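What follows is each chain in one-letter form.
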Amino acid sequence: MSELLLKNARIVDPARNIDEIGDIAVADGVIVEAASLKSPEVIDLTGKVLSPGFIDVHVHLRQPGNTTAETIASGTAAAAAGGFTSIVAMPNTNPSADTAGAIEYLRRIADEQGMVKVLPCGNMTKGGKGEEMAGIGSLKNAGVVALSDDGKCIQDHGLMRHVVEYAKSFNLPILDHCEETTLASGGVMNEGKWSVLLGMNGIPGASEELIIARNIIFARQINWKIHMQHVSTKDSVDMLRRARAKGVPVTGEATPHHLSLTDECVKKFDTNYKMNPPLRSEEDRQALIQGIADGTITVIATDHAPHTQTAKLVEFDHAPFGIIGLETALPVCFTQLVVPGIITIPQLISKFTTGPADVLGLENYSLSIGNPADITVFDPEAKYTVDKNTFRSKARNTPFDGMKVQGRINLTVVDGKIVFREGC
Ligand code: DOR
Ligand code: ZN
């Protein structure tokens, strides 16, 4: 029987509105009363913040198909180092996660080699091609927690409407990558002043906004949950805010990179600033921050998208979209949002815990007695410089290398087991 006593931490538990100094006790994988412990391992967490384990609803693990970029083992090790105890694995692997067999494969490898909980996401359409619906019932039986064609977006609105109806009948939230392709295709960065100056093909904000509008219409008419992945523009935030005020069951996520960087970064021609949706204007970035602060955006998700150095070391136009993010999410967001006083520590933690739990329909995601002991601890005062060579991820495609940050993950506990520990 393994026991842990995490002492003197600032316990922040957004689901129960708790923010107080105290102790958390763990035995046999669950949270227990401290008095019931017999001979626990004691860790003093004075000055540290302790919360329910972080959840990332948007992670690419690349296995099967591109294990030189990342594997389930390395991606979940990166998640543990980033304070994430559960991650939702996007289905755009090779083969795609569009069958029960593919989901069973993911679950088996994750069981054997995963450092954190891997929640499988199945495709909405076969191969994520947007042409024919996947077998949603068998994906549900195989254990998917959500549906997505991330990386791509269903262009056929009739098919999308049908998918939303099926998703509802199987009680599966949709996580949608919102991109209208006649506007986006050929683009490599945000359409705006910088794409003109740099002479690059642009991806207009309208490409995202058209699909957000469509999804809001379907979510309202069908009364089903649609979560907008990596929201990147001001008009998207405005539409989401209005729809949520009317009670439409839509949610949205922002990534640490869209909250901290803009399209001006592309002038360095560094492919670690290339992702989809692209970095937008400063006005868009400010609107995302406003959306985070006023509760329009309830989730921060990384869109951890590993690519090999060889794939990324090419001209900007030719590089694949995507950057990694699991090991920089907390420090980047803490530095950008909490240090300047835009949001509080409990608000930030809610974007990594109750916000994503709500998208997935996980109830009582908290440190209540009897719950699984999934716990994240970080030091809100620690200042350091991001060094990509320390990452557990196999990939190095980050724009944050060398950035000075504040806020450092110290401890990650999954089902009572320490999966990451540094500095405590
Ligand atoms: O930048 C991105 N990379 N955006 C996506 O939607 C997909 C992802 C990937 O799979 O590399
Ligand atoms: Zn995407």
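Coordinates for the structure precede this section.
On a predicted model such as this, the values are computed, not experimentally measured, just so you know.

Rules of the game
Along each chain, residue indices are assigned from 1 in the same order as the chain's sequence is written. Lettering for chains starts from A, numbering for ligands starts from 1, and both go in the order in which the items are written. For this predicted model, a pLDDT threshold of at least 70 governs which residues receive local features, and a threshold of 80 or more governs which side-chain atom pairs are given and counted, while totals over whole chains, interfaces and linings are taken from all residues. Only heavy atoms go into the side-chain values, all of them from the structure, while hydrogens and water stay out. Numbering of helices and strands starts at the N terminus; helices are DSSP runs of H or I of at least 4 residues and strands are runs of E of at least 2. We compute the radius of gyration over the C-alpha atoms and compare it with the globule rule, which gives 2.2 Å times the number of residues raised to the power 0.38. Summary of the burial criterion: residues with accessible area below 20% of their type's maximum are buried, those above 50% are exposed, and those between are partly exposed, where the area comes from a 1.4 Å probe applied to protein chains only. Contacts are residue-level and defined by heavy atoms, with any inter-residue pair within 4.5 Å sufficient. Computed by Shrake-Rupley with a 1.4 Å probe, the accessible areas treat only the displayed protein chains as cover when residues are assessed. Working convention: axes come from line fits to C-alpha atoms, limited for helices to the stretch in contact. Angles between N-to-C directions cover 0 to 180 degrees. Orientation labels follow simple angle bins: below 35 degrees gives roughly parallel, above 145 gives roughly antiparallel, 65 to 115 gives roughly perpendicular, and whatever is left gives oblique. Every definition here rests on a 1 Å grid over the protein atoms only: cavities are sets of points where a 1.4 Å probe fits but cannot get out, pockets are open sets enclosed by protein on both sides within 12 Å along at least five of seven lines, and lining residues have some atom within 4 Å of a point. Grid points are joined across faces, edges and corners, and a volume is the space filled by probe spheres set on the points. Polar here means any residue outside two lists: the nonpolar Ala, Val, Leu, Ile, Met, Phe, Trp, Tyr, Cys and Pro, and the charged Asp, Glu, Lys and Arg; Gly therefore counts as polar. With water omitted from the atoms examined, metal sites may look incomplete; donors here are N, O and S atoms no farther than 2.8 Å from the metal, or 3.2 Å in the case of Na, K and Ca. Angular criteria define each label, namely tetrahedral for four donors with all angles between 85 and 135 degrees, square planar for four and octahedral for six donors with opposite donors over 155 degrees apart and remaining angles between 65 and 115, and irregular for whatever fails these tests.

A. Region of interest: the overall build of the chain. Of the regular secondary structure elements, the chain holds 14 helices and 18 strands. In terms of C-alpha radius of gyration, the chain reaches 20 Å, essentially the compact-globule figure of 22 Å for 424 residues. With the C-alpha coordinates of the chain rotated into their principal frame, the extents come out at 65 × 45 × 45 Å. Residues classed as buried in the chain amount to 61% of the 424 residues present. Residue pairs at least 24 apart in sequence account for 76% of intrachain contacts in the chain once pairs closer than 6 positions are excluded. By element, 49% of the accessible surface of the chain is carried by carbon and sulfur atoms, the whole surface being about 16,100 Å².

B. Seen up close, the packing of helix α8 (residues 234-245) against helix α10 (residues 282-294). The interhelical angle for the contact between α8 and α10, taken along N-to-C directions, is 25 degrees, at an axis separation of 8 Å. Between α8 and α10, the crossing angle belongs to the class labelled roughly parallel. Across the interface between the two elements, Lys234, Val237 and Arg241 from α8 touch Glu283, Asp284, Ala287, Leu288, Gln290, Gly291 and Asp294 from α10.

C. Quick look at empty space enclosed by the protein. A complete count under the given rule lists 2 cavities of 30 Å³ or more for this structure. If you add up the space inside the largest cavity, you get close to 50 Å³. What lines the largest cavity is His177, Cys178, Glu179, Ile203, Ser207, Glu208, His230, Asn276, Pro277, Pro278 and Arg280. Among the residues making up the lining of the largest cavity, the classes are represented as 4 nonpolar, 4 polar and 3 charged. Each pocket or cavity is described by its volume, and for the second largest cavity that value is around 30 Å³. Around the second largest cavity, the lining residues are Ser232, His258, Leu261, Arg280, Ser281, Asp284, Arg285 and Leu288. With 3 residues, α10 is the single largest residue contributor to the lining of the second largest cavity. A per-class count over the lining of the second largest cavity returns 2 nonpolar, 3 polar and 3 charged.

D. Structural detail: the coordination of the zinc ion (ligand 2). Each protein donor to the zinc ion (ligand 2) is listed here as Asp150 (OD), His177 (ND1) and His230 (NE2); together their distances run 1.9 to 2.2 Å. One can describe the site at the zinc ion (ligand 2) as irregular: its 4 donor atoms subtend angles covering 83 to 124 degrees at the metal.

E. Examining the environment of alanine 373 more closely. You can see alanine 373 is positioned in the loop between α14 (354-360) and β16 (375-385). Judged by relative accessible area, which is 0%, alanine 373 ranks as buried. When near neighbours in sequence (up to four residues on either side) are disregarded, alanine 373 contacts Val26, Gly29, Val30, Ile31, Val413, Val414, Asp415 and Gly416.

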